[in-house]
Amino acid sequence: MAETAISRLPSDRPPLVCVQGLGFVGAAMCLALASARDATGAPCYRVAGLELDTPLGRERATVLDSGRFPFAAMDPALAEAAAAAHATGTLAAGTDPEILARADVIVVNVGLDVETPEDAPPRAAMAGFLAGVREIARRMRPNALVVIETTVPPGTTSRVVAPLLAEGLAARGLPADAFLLAHAYERVMPGPDYLRSITHFWRCYAGHTEAAAATCADFLARFIDTVAFPLTRLSSTVASETAKIMENSYRAVTIAMMEEWGRFAEAAGIDLFEVIDAIRMRPTHANMRTPGFGVGGYCLTKDPLFAGIAARDILGLGDMAFPFAEQAVAINAVMPLVSVTRIAEVLGGLDGKRLLLMGVSYRGDVADTRSSASADFLRAAEARGATVTPHDPLVREWPELGLTIAVALPDPAGFDAVVMAVDHRAYRSLDFPAWLGAARPLIFDANRVLSAAQRASLAAIGAPLASIGRGDDR
Ligand SMILES: NC(=O)c1ccc[n+]([C@@H]2O[C@H](COP(=O)([O-])OP(=O)(O)OC[C@H]3O[C@@H](n4cnc5c(N)ncnc54)[C@H](O)[C@@H]3O)[C@@H](O)[C@H]2O)c1
């Protein structure tokens, strides 16, 4: 741990928050905390980011400790906050878990994955999360606040974390109930408003005890604008954990529902986006989703499965069916193959065809490639004989495929199709006629990336166009 940065702050004040896990959530959370100021303009917290002593963990901690945000991000506020935290000495990061012993507040932001074995129901891959909780239990100060931000199967905070903390404290000869435990889930949105999506957004939380709930509310109110975005307290941590996975399941289900309508629109020769925009005029239907390229990222691909896992493995409710949630995950997982099939139809097969894949991150204007639909698309298209060249304005290394991606847009000549997969800002402002020159590959808009003006410019030069969710292209 970079002690020097922490010891630059006077005495033991302000309180020390340790953020365990410096991924896409934890690293941004460190900056939200380090930027928090009280009414006199003084820092509310000293912040210590804690990572695993692995090459990835060391790299993330070292970068953050040096005053930089460890991920490529569109939001300039992150770089500014990281530099400011470094300059004022409010933030340090490292890999020595002994820092946990000094923390007044510990925020858990390590991942918790789902395993989907072929011959058994999905289960939570808890080992890393549990190891992190045990590290806390071995070292935490009595009565420190522990906030679980990790997305967990409902029941985890009260039935798994609380007993581990009690056991750890008792083993050290301390009262087994000397902890304040809460669940307060993240709705952070990596993208142009990454940092503000933590500090200026509604937050739900619940305490394992009354005292924990009150202490957690006080903690959240110091770095979140709770006047404009009031906190929502739920009556138990199981309810708060359920809120997180249910809100992500709702989104996953409504996206999955659009896949069949997209295929219908393509076959019927209509524009489903026009249809959806008309329906959205009804306030009750204003957030209807649209068809697209696929659902990636770390959350919607796994969170809907946590309900069944919780019922079976944590809450002892046996096998409960969640057909909507499970179907949604299954449909969303194969969505990129719909684009593969459609392009093959338009090009008359994929064998020997060259495809330019525009966008490899899971969402527009983010650099996170985990569970991205582009990876599934690339693998499926290459299995059918195509050669796929990926491009992305924000991603230089694509770790899941072991590929390095060039910054410059490739020359379009020689490609049979350009697949607009991710709605990055750089693609939404691309001047197609200037870039294409004399080349006329199929432009395949898989994700409603193209604006009406871009479509018109393509039509004007006679470029062939096809789209997911639209059967009205030429
Ligand atoms: N990514 C998002 O947009 C998002 C949004 C809302 C909620 N969430 C949830 O937040 C949680 C974290 O997500 P993420 O995207 O930041 O994950 P991530 O995988 O990017 O980061 C987790 C980090 O925790 C570290 N870690 C693991 N065990 C540790 C330990 N014992 N001590 C210290 N560090 C440890 C890992 O090395 C890793 O860097 C997940 O539960 C996720 O579902 C994510």
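Up top is the structure these notes are about.
Only a predicted model underlies this, so the values are computations on that prediction, with no experimental measurement involved. (Residues numbered from 1 in each chain as written. Predicted model: local features only at pLDDT ≥ 70, side-chain atom pairs only at ≥ 80, totals over all residues. Heavy atoms only, no water.)

K.L.:
Looking at this model, I keep getting lost on the sheet that holds strand β12 (residues 387–391). Mind explaining?
P.N.:
By way of backbone hydrogen bonds, the strands of a sheet pair with one another, either parallel or antiparallel. Spatially, 5 strands are ordered β12-β11-β15-β16-β17 in an open sheet, and the strand pairing comes out parallel. Each edge of the open sheet is held by one strand with a lone partner, namely β12 and β17 (465–467). Going across the sheet, the axis of each strand differs from the next one's by a mean of 20 degrees, ignoring polarity. As judged from the 4 bridges shared by strand β11 (residues 354–358) and strand β15 (residues 417–420), these two strands associate in the parallel manner. In the strand pairing of β15, Leu357 is matched with Val419. Contacts from helix α12 (residues 323–347) reach β11, β15, β16 (442–445) and β17, with the element oriented near 155 degrees to β16. (Pairing = 2+ DSSP bridges. Helix = DSSP H or I, 4+ residues; strand = E, 2+ residues; numbered from the N terminus. Axes fitted to C-alpha atoms, helices over the stretch in contact; angles between N-to-C directions. Contact = heavy atoms within 4.5 Å.)

K.L.:
Teacher, can you tell me more about the site of the ligand here?
P.N.:
Taken together, 24 residues form the shell around the ligand, and within it Glu51, Arg60, Thr151, Lys302 and Arg370 come nearest. In this structure, an oxygen atom belonging to the ligand sits 2.9 Å away from a side-chain N or O atom of Lys302. When the free accessible area of the ligand is taken as 830 Å², the share hidden by the protein chains comes to 91%. Grouping the amino acids of the shell around the ligand by side-chain chemistry returns 9 nonpolar, 8 polar and 7 charged. (Near = heavy atom within 4 Å. Polar contact = N/O pair within 3.5 Å; in protein donor to acceptor, adjacent residues only side chain to side chain. Areas by Shrake-Rupley, 256 points an atom, 1.4 Å probe, with all protein chains shown as cover. Nonpolar A, V, L, I, M, F, W, Y, C, P; charged D, E, K, R; others polar.)

K.L.:
Explain the state of the cysteines to me, please; I cannot follow it from the model alone.
P.N.:
This structure, assessed with the given rule, holds 0 disulfides. Lacking any disulfide linkage, Cys18 is separated from the closest cysteine sulfur, that of Cys30, by 8.1 Å. Cys299 takes part in no disulfide bond, and the closest cysteine sulfur, belonging to Cys204, lies 15 Å away. For Cys299, a relative accessible area of 31% gives the class partly exposed. (Disulfide = S-S within 2.5 Å. Buried < 20%, exposed > 50% of the residue type's maximum accessible area, 1.4 Å probe, protein only.)

K.L.:
Is there a simple way to think about the packing of aromatic side chains in this case?
P.N.:
Two descriptors summarise a pair of aromatic rings, namely the distance from one centre to the other and the angle between the planes of the rings. For the structure shown, the criterion picks out 10 aromatic pairs. Residues Phe69 and Tyr194 carry aromatic rings whose centres are separated by 5.4 Å and whose planes lie at 85 degrees to one another, so their mutual orientation is edge-to-face. Of the two residues, Phe69 is situated in the loop between α3 (55–65) and α4 (76–88) and Tyr194 in the loop between β8 (180–183) and α7 (196–199); the sequence distance between them amounts to 125 residues. A single burial state applies to Phe69 and to Tyr194, both of which are buried. A ring pair is formed by Phe293 and Phe377, whose centres lie 5.5 Å apart and whose planes are at 50 degrees; its orientation type is tilted. Of this pair, Phe293 sits in the loop between α10 (272–280) and α11 (306–314) while Phe377 sits in helix α13 (residues 373–383); the two residues are 84 residues apart in sequence, bridging distant segments of the chain. For the pair Phe293 and Phe377, one class covers both residues: buried. Sitting over the face of the ring of Phe415, Arg354 holds its NZ or CZ atom 4.3 Å from the ring centroid. (Phe/Tyr/Trp six-rings, centres within 6.5 Å; stacked < 30°, edge-to-face > 60°. Lys NZ or Arg CZ within 6 Å of the ring centre and 35° of its normal.)

K.L.:
I keep staring at empty space enclosed by the protein and nothing clicks. Help me out?
P.N.:
It is the rolling of a water-molecule-sized probe over the atoms that shows where space remains empty. Summed over the entire model, instances satisfying the criterion amount to 3 cavities of 30 Å³ or more. Each pocket or cavity is described by its volume, and for the largest cavity that value is around 60 Å³. Taken together, Met258, Glu259, Gly262, Arg263, Glu266, Pro291, Gly292, Met335, Val338 and Ile468 make up the full set of residues lining the largest cavity. Those elements giving two or more residues to the lining of the largest cavity turn out to be α9 (237–268) and α12. At 5 residues, the largest contribution of residues to the lining of the largest cavity is made by α9. Taken as a whole, the second largest cavity encloses approximately 50 Å³ of empty space. (1 Å grid on protein atoms, 1.4 Å probe; cavity = no way out; pocket = protein on both sides within 12 Å on 5 of 7 lines; lining within 4 Å. Points joined across faces, edges and corners; volume = space filled by probe spheres on them.)

K.L.:
Is there a simple way to think about the sheet that holds β8 in this case?
P.N.:
Taken in spatial order, the 8 strands line up as β3-β2-β1-β4-β7-β8-β9-β10 in an open sheet, and their pairing is mixed. A strand with exactly one partner marks an edge of an open sheet, and here the two such strands are β3 (91–94) and β10 (232–233). Relative to β10, strand β9 (residues 204–207) runs parallel, the two being bridged by 2 bridges. Bridge pairing in β10 places Cys204 opposite Thr232. In this fold helix α2 (residues 26–35) packs onto β1 (16–20), β2 (46–50), β3 and β4 (105–108), with an angle of close to 165 degrees to the strand it touches most, β1.

K.L.:
How should I be thinking about the nonpolar core in this particular structure?
P.N.:
By size, the foremost hydrophobic cluster in this structure holds 46 residues, and its most contacted members are Val19, Leu31, Leu33, Phe219 and Phe223. Considering every element that reaches this core, the biggest residue donor is α2, with 8 residues. Leave out the neighbours within four places in its chain, and Phe219 touches Val17, Met29, Leu33, Tyr45, Val105, Val107, Leu145 and Val147. Judged by nonpolar contacts, the second largest core, of 41 residues, contains Phe129, Met140, Ile148 and Val161. (Core = buried A, V, L, I, M, F, W, Y, C linked by side-chain atoms within 4.5 Å.)

K.L.:
Can you help me understand the environment of Ala131 in this one?
P.N.:
The residue Ala131 is located in helix α5 (residues 127–139) in this model. According to the relative accessible area criterion, Ala131 is partly exposed, its value standing at 39%. Linking Ala131 and Ala452, residues 321 residues apart in sequence, is a C-alpha distance of 51 Å.

K.L.:
Whenever I open this one, the environment of Arg233 confuses me. Can you help?
P.N.:
On the secondary structure map, Arg233 appears in strand β10. Counting along the chain gives 16 residues from Arg233 to Ala217, while the straight-line C-alpha distance between them is 8.3 Å. A distance of 2.9 Å separates polar atoms of two side chains, one belonging to Arg233 and the other to Glu210.

K.L.:
Can you walk me through the layout of surface pockets in this structure?
P.N.:
Volume-wise, the second largest pocket comes out at about 560 Å³. Together, 26 residues line the second largest pocket, and Val295, Thr301, Ala333, Ser371 and Asp376 are the ones closest to its centre. For the lining of the second largest pocket, the elements supplying multiple residues, two or more each, are β5 (113–115), α12 and α13. By residue class, the composition of the lining of the second largest pocket is 12 nonpolar, 7 polar and 7 charged.

Just geometry here; none of it tells us what the structure is for.
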